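Now for the letters of each chain:
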Amino acid sequence: MAKFFAITIFVIAIVSAIPILRHTWWMAEDISTHGAPIDEQMSETMAEAGISFLASQFILGYFIWKFSNPKPGDKIKTFPGGAKAMVWAAFLLVGTEVLALGVFGVKAWANVYFTPPAANAVPVEVQAGQFAFYFRYPGPDGSFGPIHPDMINEANQNFYGLDTDHDADSKDDVVTAEMAVPVNREIHLIMHSKDVGHSFFVPELRVQQDFVPGMDLSVHFTATKIGRYEIVCTQLCGLGHYNMKAYLSVLSLEDFDAWMKKEKAMQ
Amino acid sequence: MHDTAHAHVGQHAAPTSFIRKHVFSLDHKVIGKQYYGLALAAVLIGMFLSWLMRLHLGWTNLAIPGLHLLTKNGAPGDVMTPEFYLQLMTMHATIMVFFVLTTAPFAAFGNYFLPIQVGAEDMPFPHFNMMSFWVTFVAFLVLMSSFFVSDGPTLGGWTQYAPLSAVGQVGGPGEGAGVVLWALSIAIFCVGQLLGSLNFITTTLDMRTRGMSLWRLPLSAWGWFITSVMGLTAFAVLMPACILLILDHVAGTSFFVPANTVINDQMQPHSGGSTLLWQHLFWFFGHPEVYIAIVPGMGIVSHVLITNMRKPMLSHRVLVYAMGALAVLSYMVYGHHMFVSGMNPVSSLVFSFPTLVITIPSTIVVLIWMGSLYGAKLRINSASLFALGFISMFIAGGVSGFFLAQPSIDIMLHATYFVVGHFHLVMGVAAMFGIFAGTYFWFPKMYGRMMNETLGKIHFWCSFVGAYAIFMPFHYLGLAGNVRRYQAFAPEYMQHLIPLHKFITIAALFTGAAQLIFVYNLFVSRYKGEPARDNPWQGTSLEWSTPTTPPPHNNFGDKLPVVYHDPFQYGVESSTGDYVMQTSPEKAGPDDEA
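1. Let's talk about the overall build of chain B
When helices and strands are tallied, chain B shows 17 helices and four strands. For chain B, the C-alpha radius of gyration of 24 Å lies close to 25 Å, the compact-globule estimate for 594 residues. The principal-axis extent of the C-alpha atoms belonging to chain B is close to 80 × 50 × 45 Å. Within chain B, the fraction of its 594 residues that count as buried is 64%. In chain B, the share of contacts with a sequence separation of at least 24, taken over all contacts with a separation of at least 6, comes to 79%.

The following block contains the structure:
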């Protein structure tokens, strides 16, 4: 039975690794300028974790095979090097791995979070609420009008609580249900939740960031490939959580301008 | 090390009435069995809920016959509604994390065996101990009662992130009374675990019999002791957090809800709260909780393995230090649950470092187990199979921790099935395997009968292959961006993952059904199993030296045992064979102090 167990472990380890090696189910193609170090970090971690996984499962299986069903005269043996060898191995192998991953990981993270958005980044605001995203563009004046939470009224389609009668900045704001951005231009996304916690996840963009009610956050990114992508909510926000999504269109500059004109006309 | 005068602290006369013997018992052994019974009932409910969820995830519009009986509004035409799915998910997780993974490996086995392994008659505060179980039982009833309130249990997930959990009914079905009952249940549960932890710590430090130094405690006892220290600090943070959450509901406070919260076009009557505060309080408990679930399993598995390898671990002390290091580090890593939560991104890096470092003691534990297997005389039985399976699962679940410890990769994997696969393998399946190993190993001592080995092995094979078939694909789903906590996969990019979900559902139904073999074995062996000898596995620790099996009311009869040896004297030549029991004055080997 021990041999059968060992073989089962070998088979499970190999079968588990095949979809990873073949990328049968894998991350979506990266369309961001900051995503490459993240993907590289993922590949390196996958290689290190994969080798650790396969090696340790194989050794476990082999030892089970070799050291079970002892014969009556067999004596126990101690691993040469004893516990010291194990502690050293853990510190050296895993310690180095951890240090390397940690150090390189800082770079990938810093790329996303420790650089300010460029001065000419296109500002877009996203508001999350149960169970939809709405997007706001500041219009020609370049500034967003203030939000009046008490004026939020979905029936009147005042999703943001804007007072266009009194706030000059609000007059030219464009509110949309879909997000569109020009390709190869940096986007400065300001994130605002009107009710509970939500999250903004676009796998292709390598962006995932929670909304924090009571606190506006911002992220910035540049999309490099024209196309239509999905924005999904990843923070449990209530019964419609699974269906809280929106589309992100990455457009050429001309198409983006045309889209903006059309949206503006619909306000 | 203490003399017998000290060890009589927990002494109480054997009960005579049925109620004091089996219901409100002061005997740690009965309390341990009660905890086990509660965990068994809870795990069956939790597993049943997961079956319903899996069926729904594989076939979203499937009518599950009779489903409407479980809910008032959650299953029109026996098809699960989105909110009912989330309610089942929340209850599945809460039941499993609190009432199974905390109660079975720690409270059940620890209660039964810790006092015996230290050589005591009972725990020092038997009334606290009894209270700890009954308080936990009440907590379970309170949680279950939320199935019967008007709109059912809470749907906010076991993490109950605010403000969804704090805004009340307006947040959705179950977010009113459901959340209050959830928070009340968990707060009560915390009281039970605090009482239990106090008893465990005092038992280990003050109740050891003559000759039982700390280093002579077996590894299972070390596992429970370390866990009890974690329990004392972690539950002490969760309890006030739950009380604050209840106050936000019933007393009009705003601990977790900020100003200007608008739901259904209505401004909520709250101001000034912090949503991240809840996450900090919750995860300060939540991460140690992972180790509360797994460290007792590590101790149990070490104990079971040593006995079945017929040799001690490469180093007893290194294992203890490594488990201790896990416990200490577990408080410093909690922020890795919050990398993309909106907390300061510098904090993410600060929390990432100890999270990566915690892999070192984990690796040491695994390498010590594997290095000890080298040159062993390994016996294959149900208990050792599950112990070895534990190692395999712990490795499989552990390596995915490398990914989740890194904030940059977490951008892709956070809140996906990758995380769900990771924690199910490492704190779910591995911890369950620890419980199974402990059950097959100690059942003979607890009930005086052997469990059926053939059924035990069938149970193992189905569980081992089945658990991999369920949880490995979770990682693939996560890599492909499959978000967790979705009742159906609405985004287009997830459509191609649905066949994989169907496969997982079939694997889950099969593996779950195999657990019924265990339940059958448990009940049949309890009454019809082959009678067990006092020391069926040729063990060395004190539970195998009791005068009767199961042990008498005061564990050791008239005289407390005296300990002469380190706990695991195997692979020696002695009058009994290849081992010397802790209570035997016989010299075991050249290094032995006796």
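2. A word on the overall build of chain A
Of the regular secondary structure elements, chain A holds five helices and ten strands. Computed over its C-alpha atoms, the radius of gyration of chain A comes to 26 Å, more than 25% above the 18 Å expected for a compact globule of 267 residues. Dimensions along the principal axes, computed over C-alpha positions, put chain A at roughly 95 × 40 × 30 Å. The buried share of chain A, reckoned over its 267 residues, is 42%. Counted over contacts in chain A with a minimum sequence separation of 6, partners at least 24 positions apart contribute 72%.

3. Looking at the pairing of strand β10 (residues 245–251) of chain A
Residues and elements named next belong to chain A. The alternating pattern of β10 places Ala-246, Leu-248 and Val-250 on a buried face and Lys-245, Tyr-247, Ser-249 and Leu-251 on a face that is not buried. Relative to β10, strand β9 (residues 227–232) is paired through six bridges, and the arrangement is antiparallel. When the sheet's bridge partners are listed, Gly-227 is paired in β10 with Val-250.

4. Some details on the packing of helix α13 (residues 382–404) of chain B against helix α15 (residues 417–447) of chain B
Residues and elements named next belong to chain B. Where α13 meets α15, the closest approach of the two axes is 8 Å, and the angle between their N-to-C directions is 160°. Looking at the two axes, α13 sits roughly antiparallel to α15. Taken as a pair, α13 and α15 cross one another with a handedness that is left-handed. For the contact of α13 with α15, a count of residues per class yields 19 nonpolar, nine polar and no charged.

5. Some points on the nonpolar core
Formed by 277 residues in total, the largest nonpolar core has its most connected members in Ala39(B), Met323(B), Ile368(B), Ala430(B) and Ala437(B). Among the elements that make up this core, the one with the highest residue count is α15(B) (21 residues). Inspection of this core shows a minimum of three residues originating in each of domain 1 (2–69 + 82–113) and domain 2 (122–266) of chain A. Once residues lying within four places of it in the same chain are set aside, the contact partners of Ile368(B) are Ala83(A), Met86(A), Met313(B), Leu314(B), Ser315(B), Val318(B) and Leu319(B).

6. Here's the deal with the sheet that holds strand β5 (residues 186–193) of chain A
All names here are of chain A. The mixed open sheet is built from five strands, whose spatial order is β3-β2-β1-β5-β8. At either end of the open sheet lies a strand with only one pairing partner, and these are β3 (174–176) and β8 (217–222). Across the sheet, the mean angle from the axis of one strand to that of its neighbour is 25°, orientation sign disregarded. Bridge analysis of strand β1 (residues 122–129) against β5 gives seven bridges, and the strand direction is parallel. Looking at β5, one finds that Val-124 is bridged to Leu-189.

7. Considerations on the interface of chain B and chain A
Opposite the 92 residues of chain B that make contact, chain A presents 88 residues. Breaking the side of chain B that touches chain A down by element, the ones donating at least two residues are α4 (82–100), β1 (262–263), α9 (275–309), α11 (345–357), α12 (359–373), α13, α14 (407–413) and α16 (453–479) of chain B. Across the side of chain B that touches chain A, the residue classes tally to 61 nonpolar, 24 polar and seven charged.

8. Focus: unusual backbone geometry
The omega torsion across Gln130(A) and Phe131(A) is -5°, close enough to zero to call that bond cis. Tracing the backbone shows Phe131(A) in the loop between β1 and β2 (132–137). A cis geometry characterises the amide bond from Thr549(B) onward to Pro550(B), with omega recorded as -5°. If you trace the backbone, Pro550(B) turns up in the loop between α17 (498–528) and β3 (569–574). If you check the backbone angles, Gln538(B) has positive phi at about 55° while not being a glycine.

9. Brief notes about the packing of helix α6 (residues 126–145) of chain B against helix α7 (residues 177–206) of chain B
Describing two packed helices takes the angle between their axes plus the distance from one axis to the other. Residue and element names in this part refer to chain B. Packing of α6 against α7 brings their axes to within 8 Å, and their N-to-C directions diverge by 165°. Put simply, α6 runs roughly antiparallel to α7. For the pair α6 and α7, the sense of crossing is left-handed. Between α6, through Phe-128, Asn-129, Met-131, Ser-132, Val-135, Thr-136, Val-138, Ala-139, Val-142, Leu-143 and Ser-145, and α7, the contact on the second element is made entirely by Leu-181, Trp-182, Leu-184, Ser-185, Ile-188, Phe-189, Val-191, Gly-192, Leu-195, Gly-196, Leu-198 and Asn-199.

10. A closer look at the confidence of the model for chain B
All names here are of chain B. On average, residues of chain B carry a pLDDT of 94, and 97% of them reach 70 or more. Mean pLDDT in chain B bottoms out at helix α1 (residues 4–7), which sits at 46, and peaks at α16, which reaches 98. In this model, residues 1–5 is a region of pLDDT below 50 whose contacts with residues beyond four sequence positions or in other chains number ten contacts. The ipTM, which scores confidence in the relative placement of chains, is 0.97 for this predicted complex, and the corresponding pTM is 0.96.

11. Here we look at the domain arrangement of chain A
Residues and elements named next belong to chain A. Here the domain parsing of chain A yields domain 1 (2–69 + 82–113) and domain 2 (122–266). Between domain 1 and domain 2, the C-alpha centre-to-centre distance is 38 Å. Taken together, the contact between domain 1 and domain 2 spans ten residues of the former and ten residues of the latter. Residues belonging to the side of domain 1 that touches domain 2 are distributed by class as follows: four nonpolar, four polar and two charged.

12. Quick word on α11(B)
Taking 1.5 Å as the rise per residue, α11(B) with 13 residues should run 18 Å; its terminal C-alpha atoms sit 19 Å apart, in good agreement. Within the sequence span of α11(B), burial applies to Ser348(B), Leu349(B), Phe351(B), Ser352(B), Thr355(B) and Leu356(B). Buried residues along α11(B) sit against α3 (82–113) of chain A together with α12 and α14 of chain B.

13. A closer look at helix α1 (residues 2–22) of chain A
For α1(A), which comprises 21 residues, the first-to-last C-alpha distance of 31 Å matches the rise-based estimate of 30 Å (1.5 Å per residue) to within 8%. Against the buried residues of α1(A) lie α2 (35–67) of chain A together with α13 and α16 of chain B. At the C-terminal side of α1(A), His23(A) shows a positive phi close to 55°.

14. A word on the environment of Ser132(B)
Residues and elements named next belong to chain B. Mapped onto the elements of the fold, Ser-132 is located in helix α6. C-beta crowding within 10 Å serves as the criterion here: with 26 such atoms nearby, Ser-132 is assigned to the buried category. C-alpha separation for the pair Ser-132 and Thr-548, spaced 416 residues apart in sequence, amounts to 27 Å. The residues contacting Ser-132, other than those within four sequence positions of it, are Gly-192, Leu-195 and Gly-196.

15. Concerning the environment of Ile368(B)
Tracing the backbone through its elements, the reader meets Ile368(B) in helix α12. Along the primary structure Ile368(B) and His249(B) are separated by 119 residues, whereas in three dimensions their C-alpha atoms are 49 Å apart.

Rules behind the numbers
- Residues numbered from 1 in each chain as written.
- Chains lettered and ligands numbered in written order.
- Predicted model: local features only at pLDDT ≥ 70, side-chain atom pairs only at ≥ 80, totals over all residues.
- Helix = DSSP H or I, 4+ residues; strand = E, 2+ residues; numbered from the N terminus.
- Rg over C-alpha atoms; globule rule 2.2 N^0.38 Å.
- Buried ≥ 20, exposed ≤ 12 C-beta atoms within 10 Å, placed from the backbone.
- Contact = placed C-beta atoms within 7 Å.
- Pairing = 2+ DSSP bridges.
- Axes fitted to C-alpha atoms, helices over the stretch in contact; angles between N-to-C directions.
- Parallel < 35°, antiparallel > 145°, perpendicular 65-115°, else oblique.
- Left-handed = near helix turned anticlockwise from the far one by under 90°.
- Nonpolar A, V, L, I, M, F, W, Y, C, P; charged D, E, K, R; others polar.
- Core = buried A, V, L, I, M, F, W, Y, C linked by C-beta atoms within 7 Å.
- Domains from an automatic or database assignment.
- pLDDT = per-residue confidence, 0-100.
- Expected span 1.5 Å × (residues − 1).

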